[in-house]
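A structural walkthrough
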Amino acid sequence: MNKLKIAAILLYIVSFGIIGFGVVYIYTGFTVGLMPYHFRFLNVNSCDQLPPNVCELMKTFVQIIGFAFLSIGIALFFLIKGMFRDEQVELDWKIISIMLAVLVPITFIMYHLASYTPWYIVAGILVLAVVALLIMRPHKQ
């Protein structure tokens, strides 16, 4: 398997990981309302223990984040697809900017609440993206 295929597979895993986060957040936002680590951080077991307006606001944030992740993951998927089909030759900087704009701040925010959040999953996705871009970098030069 050549380096470009490995890079493509890693980047597709990244895009599906982001899409997965989006789907989980959307589903949770419309069902339970909050993720388990949100409840742990708030020191409650369910939304019933929160004021209704606070719970509704938190659910809305979870839904917005879910749809944002889903959109970013889908956009990333199509950028990767275009890049590896040579439809667009200089997309790697756009992919890097998406990864930096989305995953780096989220990783630091989640790490700040480390005992409550799965920050290491987001950091792992970011590492996969960086490794893939480093693998394909020599090919693009």
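About the criteria used
Residues numbered from 1 in each chain as written. Predicted model: local features only at pLDDT ≥ 70, side-chain atom pairs only at ≥ 80, totals over all residues. Heavy atoms only, no water. Disulfide = S-S within 2.5 Å. Buried < 20%, exposed > 50% of the residue type's maximum accessible area, 1.4 Å probe, protein only. Phe/Tyr/Trp six-rings, centres within 6.5 Å; stacked < 30°, edge-to-face > 60°. Helix = DSSP H or I, 4+ residues; strand = E, 2+ residues; numbered from the N terminus. Contact = heavy atoms within 4.5 Å. Expected span 1.5 Å × (residues − 1). Polar contact = N/O pair within 3.5 Å; in protein donor to acceptor, adjacent residues only side chain to side chain. Patch = residues over 30% accessible without salt bridge, like charges linked within 9 Å, V, L, I, M, F, W, Y side chains within 5 Å. Areas by Shrake-Rupley, 256 points an atom, 1.4 Å probe, with all protein chains shown as cover. Salt bridge = Lys/Arg side-chain N within 4 Å of Asp/Glu carboxyl O. Axes fitted to C-alpha atoms, helices over the stretch in contact; angles between N-to-C directions. Parallel < 35°, antiparallel > 145°, perpendicular 65-115°, else oblique. Left-handed = near helix turned anticlockwise from the far one by under 90°. Nonpolar A, V, L, I, M, F, W, Y, C, P; charged D, E, K, R; others polar. pLDDT = per-residue confidence, 0-100.

**Some points on the state of the cysteines**
Applying the stated criterion to the full structure yields 1 disulfide. Across a sulfur-sulfur distance of 2.2 Å, Cys 47 and Cys 55 are joined as a disulfide pair. Residues Cys 47 and Cys 55 share a disulfide whose torsion about the S-S bond is about 95°; that sign makes it right-handed. Of the two residues, Cys 47 and Cys 55, neither departs from the other in class, the shared state being buried.

**Comments concerning the packing of aromatic side chains**
Within a pair of aromatic rings, the relevant descriptors are the distance that separates the centres and the angle that separates the planes. Applying the stated criterion across every chain yields a total of 5 aromatic pairs. Aromatic pair Tyr 12 and Phe 77: ring centres 5.3 Å apart, planes at 50°, arrangement tilted. You can see Tyr 12 sitting in helix α1 (residues 3-30) and its partner Phe 77 sitting in helix α3 (residues 52-84), a full 65 residues away along the chain. A network of ring pairs unites the aromatic residues Tyr 12, Phe 16, Phe 77 and Phe 78 as a single cluster.

**Some remarks on unusual backbone geometry**
With a phi close to 60°, Asn 43 is a non-glycine residue in the positive phi region. Relative to the assigned elements, Asn 43 resides in the loop between α2 (36-42) and α3. Looking at Asn 43, the relative accessible area reads 71%, which means it is exposed.

**A word on the side chain of His 38**
Turning to its location among the elements, His 38 is positioned in helix α2. When sequence neighbours within four positions are dropped, the list of residues in contact with His 38 reads Tyr 25 and Val 62.

**Digging into α1**
In a regular helix each residue adds 1.5 Å, so 28 residues correspond to 40 Å; α1 covers 41 Å between its end C-alpha atoms and thus fits that length. Looking at where α1 begins, the residue whose side-chain oxygen comes 2.8 Å from the main-chain nitrogen of Lys 5 is Asn 2.

**Section: a nonpolar patch on the surface**
On the surface, Leu 57, Phe 61, Ile 64 and Ile 65 cluster together to form a nonpolar patch covering roughly 360 Å² of accessible area. Tracing the chain through its elements places Leu 57 in helix α3.

**Notes on the environment of Ser 71**
Mapped onto the elements, Ser 71 comes out in helix α3. Overall, Ser 71 belongs to the partly exposed group, its relative accessible area being 47%. Residues Ser 71 and Ile 18, 53 residues apart in the sequence, show an inter-C-alpha distance of 9.0 Å.

**Notes on the packing of α1 against α3**
Two elements in contact, α1 and α3, have axes separated by 7 Å at closest approach and are oriented at 160°. The angle between the axes of α1 and α3 places the two elements in the roughly antiparallel class. Pair α1 / α3 crosses with left-handed handedness. A class-by-class count of the residues in the contact of α1 with α3 yields 26 nonpolar, 6 polar and 2 charged.

**Structural notes on the confidence of the model for the chain**
Averaged over all residues, the pLDDT of the chain is 82; the fraction at 70 or higher stands at 87%. Taking the mean pLDDT of every element in the chain, the minimum, 74, falls on helix α4 (residues 92-112) and the maximum, 89, on α1.

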